[in-house]
Amino acid sequence: MTEWFTSHAGLWDMLWQVLERGVADGRHPARLPGFATVSPEGWPEARTVVLRAADKEAGVVSVHTDLYSDKIASLRAHPQAALLVWDPQEALQIRLRCEVAIASGEAVRALWDRVPDHAQQSYGVTPAPGTVIPAALAYDKIPDPACFAVLTCRVVAIDAVHLGTTHRRVRFTRDGDWQAEWLSP
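All of these numbers come straight from a predicted model, not from anything done at the bench.

*Asks:* Can you walk me through the overall build of the protein chain in this structure?
*Replies:* Along the protein chain, the regular secondary structure elements total five helices and 11 strands. At 18 Å, the protein chain has a C-alpha radius of gyration in line with the 16 Å of a compact globule built from 185 residues. Taking the principal axes of the C-alpha coordinates as reference, the protein chain spans close to 55 × 35 × 35 Å. The buried share among the 185 residues of the protein chain stands at 39%. Within the protein chain, counting contacts between residues at least 6 apart in sequence, those at least 24 apart form 59% of the total. Accessible surface, the protein chain: about 10200 Å² in total, of which carbon and sulfur atoms supply 53%. Taking the 18 positively charged and 22 negatively charged side chains of the protein chain as two groups, their mean positions are separated by 2 Å.

*Asks:* Which parts of the structure should I look at to understand the pairing of strand S3 (residues 51-55)?
*Replies:* On any regular strand, side chains alternate: one points to one face of the sheet, the next to the other face. Pairing geometry for S3 and strand S4 (residues 60-66), over four bridges, is antiparallel. Of the residues in S4, the one forming a bridge with Asp55 is Val60.

*Asks:* Just checking my understanding: could you explain the pattern of salt bridges for this structure?
*Replies:* Oppositely charged side chains may form a pair once their charged atoms are brought near each other. For the structure shown, the criterion picks out nine salt bridges. For the salt bridge of Arg27 with Asp25, the shortest nitrogen-to-oxygen distance reads 3.9 Å. Taking relative accessible area as the criterion, Asp25 reaches 30% and is therefore assigned partly exposed. Notably, a salt bridge pairs Asp159 with Arg95, separated by 3.1 Å at the nearest N-O pair. One end of the pair, Asp159, is in strand S9 (residues 148-163); the other, Arg95, is in strand S6 (residues 92-104), with 64 residues separating them in the sequence. Residue Asp159 is classed as buried on the basis of its relative accessible area of 8%.

*Asks:* Mind showing me how you'd approach unusual backbone geometry here?
*Replies:* Peptide bonds are, in most cases, trans, and in most cases residues other than glycine have a negative phi. The peptide bond linking Thr126 to Pro127 adopts the cis configuration, its omega dihedral lying at -5°. The phi torsion at Ala91 lies on the positive side, around 55°, for a residue other than glycine. Within the secondary structure, Ala91 is located in the loop between strand S5 (80-87) and S6. Even without a glycine there, the phi angle at Trp178 is positive, about 55°. Within the secondary structure layout, Trp178 lies in helix H5 (residues 175-178).

*Asks:* Is there a simple way to think about the packing of aromatic side chains in this case?
*Replies:* Going through the model one piece at a time under the given rule, you end up with seven aromatic pairs. An aromatic cluster of at least three residues, connected via ring pairs, comprises Trp12, Trp16, Phe172 and Trp178.

*Asks:* Teacher, can you tell me more about the side chain of Asp66 here?
*Replies:* Within the secondary structure, Asp66 sits in strand S4. The buried charged residue Asp66 lacks any salt bridge partner; its closest oppositely charged side chain belongs to Lys71, at an N-O distance of 8.3 Å. The contacts of Asp66, once residues within four sequence positions are left out, are Ile72, Ser122, Tyr123, Gly124, Val125, Pro129 and Cys147.

How each quantity is defined
Sequence order as written defines residue numbering, which begins from 1 separately in each chain. Only residues with pLDDT of at least 70 get local features here, since the model is predicted, and only at 80 or more are side-chain atom pairs given and counted; chain-wide, interface and lining totals rely on the full set of residues. Calculation of side-chain values draws on the structure's entire complement of heavy atoms; hydrogens and water are dropped beforehand. Under the scheme used here, helices are H or I runs from DSSP no shorter than 4 residues and strands are E runs no shorter than 2 residues, and both carry numbers assigned from the N terminus. In this description the radius of gyration comes from C-alpha coordinates, and the expected globular size is given by 2.2 Å times residues to the power 0.38. A 1.4 Å probe rolled over the protein chains alone gives each residue an accessible area, and that area as a share of the maximum for its type sets the label: buried under 20%, exposed over 50%, partly exposed in between. Contacts are residue-level and defined by heavy atoms, with any inter-residue pair within 4.5 Å sufficient. The Shrake-Rupley method, run with a 1.4 Å probe, gives the accessible areas here. Residue values count only the displayed protein chains as cover. When charges are counted, Lys and Arg are positive and Asp and Glu negative, with His and the chain ends excluded. Just so you know, the charge point we use is NZ for Lys, CZ for Arg, CG for Asp and CD for Glu. Pairs of strands are assigned from DSSP output, requiring at least two bridges between the strands. Counted as salt bridges are all cases of a side-chain nitrogen of Lys or Arg within 4 Å of a carboxyl oxygen of Asp or Glu. Aromatic pairing here means that ring centres of Phe, Tyr or Trp (its six-membered ring) are within 6.5 Å. Orientation follows from the plane angle: under 30 degrees is stacked, over 60 is edge-to-face, and everything else is tilted.

Rendered as structure tokens:
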């Protein structure tokens, strides 16, 4: 049997399996990818987010955020992001380059209604996320659906590296039907 990491198709299937496991399993390393943007001033910014959806057929992943977080201002200035996942069990690094759309309000109300009560606490911090406060706990968390936003990340390129006995690296681009090419690792 051929190992998954020896072909474009095998790597493609595995990287989406990893992303889908991150959505389904709160303990899987793909659940908490790094999410990088560029600030309105041009500075790189990276933070950890929670992966909420991964759709292989559409080539889309999504995360939730507070509408008043710094990443929203960054995405309004530059609507692109990169996500980074490392799966140590598979020895697989996945980097996604994405175009990001922001949805909030009535467009995401059905999703808000499915967010568990304890998780809704993350959307509606007063003062707004990133505001200077006089003490570490000088803020209130009052769930507010008006603060809930969904970031739909349309993947335009994926760079995957398998760090096995021999390293393999592949890049997939959305051109046509996901063109693949091997890269030097």
